[in-house]
Amino acid sequence: MSPEPFDPAQGTPTDFIREAVKEDLKNGRFNYVRTRLPPEPNGYLHIGHVKAFMIDYLVAKENGGDLVLRFDDTNPTKEETEFVEAIEDDARWLGIEWSKVTFASDYFDLLYEWAQKLVLAGKAYVDDQTPEEVSKNRGTLTEPGKNSPFRDRDVEENMDLLERMKNGEFPNGSRILRAKIDMAHPNINMRDPAMYRILHEHHHRTGDKWKIYPLYDWSHGQNDSMEGITHSLCSLEYEDHRPLYEWFLDQLDVFKPRQIEFARLNLNYTVMSKRKLRRLVEENHVSGWDDPRMPTLRAMRRRGYTANAILDFIRRVGVAKNYSVSDVSLLEACVREDLNKTSLRRMAVIRPLKVVIDNYPDDLVEEMDAVNNPEDPNAGTRKVPFSKVIYIEQDDFRETPPPKYYRLFPGNEVRLRYAYFIKCSHVVKNDAGEVIEVHATYDPSTRGGDSPDGRKVKSTIHWVSAKHAKEAEVRMYDRLFSKENPEEGEEGFLNCLNPNSLEVLNGFVEPSLATAEAGSRFQFERLGYFCVDKDSTKEKPVFNLTVNLKDAWAKIEKKGN
RNA sequence: AGGGGCGUGGUGCAACGGCAGCACACCAGCCUUUGGAGCUGUGGAUCUUGGUUCGAGUCCAGGCGCCCCUGCCA
């Protein structure tokens, strides 16, 4: 019943990173493998992170190495403890294992000593230029920068100034510590990059101890070295930073990990940047970080996605250096494949239409045997009550059937799943001319769904007994954006929100669903996979659409038009 | 324009000088007590030009296109 645990060794294709790591082991560059997960604790994990996480985790695991979960908390103005917990929780849910949890801030003291070493060696200096001057003197893509007038300060003065920066003697922004490299370097990251900035801010771990905080370039590689990370795997935009990563380590003459870059995950019909996701939440386009339409792990969990399905998707997407945008339909296919094997089937009618079976006894109730999961015989069967008045799906009835429509219409016979053949006799309409009630007759000899005379029907439809059904709220989700690439344009993504991304329906579910617990998953036959939401109550269960079933009829109908 | 990368069906990824393949999507059919699932099949790609080679997606040279880089963000 429970999904099989994810086996990294199974079917994980090789890629250029795995090959590079193997090569490093073979030629002795390293004799073990250790990677690191470097989330910044300033937001929730989204599916894009999963790709990076799995590369880090599996590369370590496949080579008998380990993974360090290191929070990159070098910027106290943006980071919060709340996210640390959430990130760990999501990562655990994915099945990722790490040997220890660390923080960049654990190394602030040692990192400061290393900075002093560089100052002493004449490789770093305190710059008093304003941020504007620093920026202006950096030059442009095509023009070299200009040396700072403070670049040639002597070592003693630099040491003194750095210490006083640390002690909080100077205001924010008044000075920075910079590496002394080359202001004319064609790679702008090498034009005397900043190492420390002054920030009189409270830090979620170190409190008020520090008045200066390291920048990413100065922190990350040094932390990698301190932790004995062999392979620092990151996304493409850090390729330009690799020369700097290596420069610091070379100057320091310390253990030197290897940085390798790969293309991050992008998904169509989705935005992935933290800033944009935050706007969706803050401007109430969604109900929160765990709104099931969001690409965050919290949201996907709530929606009913399994870790297995997400991991399978990541595996199938692969790893390369091409900028790429993956198709959400692949993700959906992975979810269907996983859920198809494991989900219990239930009947639910989400857009109800009343059907009265005129020749069925008024007070009779029969218990029909229904299969729980045709993909899994061990899932057994259950009883579903049947009676004279039932609900069927509005889509399953047409007064005038279009071509190729096999479902119920006047004069046509269909099978009620696990129950009887019924034939539509007539309809009842309201003043507006809408069909509000369908009348039918049943064939008592077809109990269970087969006719003794061998008569066939072309369609089987699902139903619930009106008398026994439980009312339920069903939240139907669709893509949050109506454009394949909502990211293009700054404001663009808010202009292409799909107005129909959430539709709340009130339907009826079979009685066995009345007590389903939050988080449990079912297939509603012929509709899709659904997950019980945390908003569910005993009085009114709430179901989230995880993903719909493939709908062949919808395709036929669409083509007809 | 300077630097760093990347160009293989619609999408994502393979092919490591030797028959361009896989998955999803698409299309057609079979089967079906889910128009689900499953099964079978079709179509469709090496950015371009030249070179090396018996043989080039792969190696070389030029061109073209796309992405990233001028935070005291990561």
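Since we're looking at a predicted model, the values are computed, not measured.

Enquirer: I tried to follow the overall build of chain A on my own but got confused; where do I start?
Expert: Helix and strand counts for chain A come out as 14 helices and 25 strands. Relative to a compact globule of 561 residues, whose C-alpha radius of gyration would be 24 Å, chain A shows 31 Å and is clearly more extended. Dimensions of chain A, computed from the C-alpha atoms along their principal axes, are close to 100 × 55 × 40 Å. Here chain A, with 561 residues, has 51% of them falling under the buried criterion. Of all intrachain contacts in chain A linking residues separated by at least 6 positions in sequence, the fraction that spans at least 24 positions is 71%. Accessible area for chain A stands at about 25400 Å²; split by element, carbon and sulfur atoms hold 47% of it.

Enquirer: Would you take a moment to explain the nonpolar core for this structure?
Expert: A general feature of soluble globular proteins is that nonpolar side chains tend to end up buried together. With 53 residues, the main nonpolar core has Ile47, Ile96 and Leu280 as its most contacted residues. Secondary structure elements with two or more residues in this core: helix H2 (47–62), strand E2 (66–71), helix H3 (81–93), helix H9 (274–282), helix H10 (297–303), helix H11 (307–317), helix H12 (328–342) and helix H13 (492–495). A total of six residues in this core trace back to one element, the largest contributor, which is H2. Setting aside anything within four residues of it in sequence, one finds isoleucine 47 in contact with Leu265, Leu267, Met272, Pro295, Met300, Ile310, Phe313, Ile314 and Leu331. Counting 29 residues, the second-largest nonpolar core is a separate cluster that includes Leu111, Val119, Leu177 and Tyr196.

Enquirer: For this particular structure, what's the right way to read the protein's contact with RNA strand B?
Expert: In the region of RNA strand B, 66 residues are neighbours, and Glu19, Arg345, Arg415, Gly448 and Gln523 sit closest. Measuring from a base nitrogen of RNA strand B, one finds a side-chain N or O atom of glutamate 525 at 3.5 Å. Within the backbone of alanine 552, a nitrogen or oxygen atom sits 3.2 Å from a sugar or linking oxygen of RNA strand B. Listed by contribution, the elements that provide at least two residues to the surface near RNA strand B are helix H5 (131–136), H11, H12 and helix H14 (552–560). Classifying every residue of the surface near RNA strand B by side-chain character gives 23 nonpolar, 19 polar and 24 charged.

Enquirer: Before we go on, may I ask you to explain helix H6 (residues 155–166) in this structure?
Expert: Note: α-helices contain 3.6 residues per turn, so residues at a spacing of three or four share the same orientation. Compared with the 16 Å implied by 1.5 Å per residue over 12 residues, the 16 Å span of H6 between its first and last C-alpha is a close match. Among all positions of H6, only Asn158, Leu161, Leu162 and Met165 are buried. In a view along the axis of H6, the buried residues occupy a sector of 100 degrees, so they form one face of it. As for H6, its buried residues are in contact with helix H4 (108–120), strand E4 (124–127), strand E5 (176–179), strand E6 (194–198) and strand E7 (212–214). Downstream of H6 by a residue or two, glycine 168 has a phi angle that is positive, lying close to 85 degrees.

What counts and what doesn't
- Residues numbered from 1 in each chain as written.
- Chains lettered and ligands numbered in written order.
- Predicted model: local features only at pLDDT ≥ 70, side-chain atom pairs only at ≥ 80, totals over all residues.
- Heavy atoms only, no water.
- Helix = DSSP H or I, 4+ residues; strand = E, 2+ residues; numbered from the N terminus.
- Rg over C-alpha atoms; globule rule 2.2 N^0.38 Å.
- Buried < 20%, exposed > 50% of the residue type's maximum accessible area, 1.4 Å probe, protein only.
- Contact = heavy atoms within 4.5 Å.
- Areas by Shrake-Rupley, 256 points an atom, 1.4 Å probe, with all protein chains shown as cover.
- Core = buried A, V, L, I, M, F, W, Y, C linked by side-chain atoms within 4.5 Å.
- Near = heavy atom within 4 Å.
- Polar contact = N/O pair within 3.5 Å; in protein donor to acceptor, adjacent residues only side chain to side chain.
- Nonpolar A, V, L, I, M, F, W, Y, C, P; charged D, E, K, R; others polar.
- Expected span 1.5 Å × (residues − 1).
- Arc of directions from axis to C-beta.

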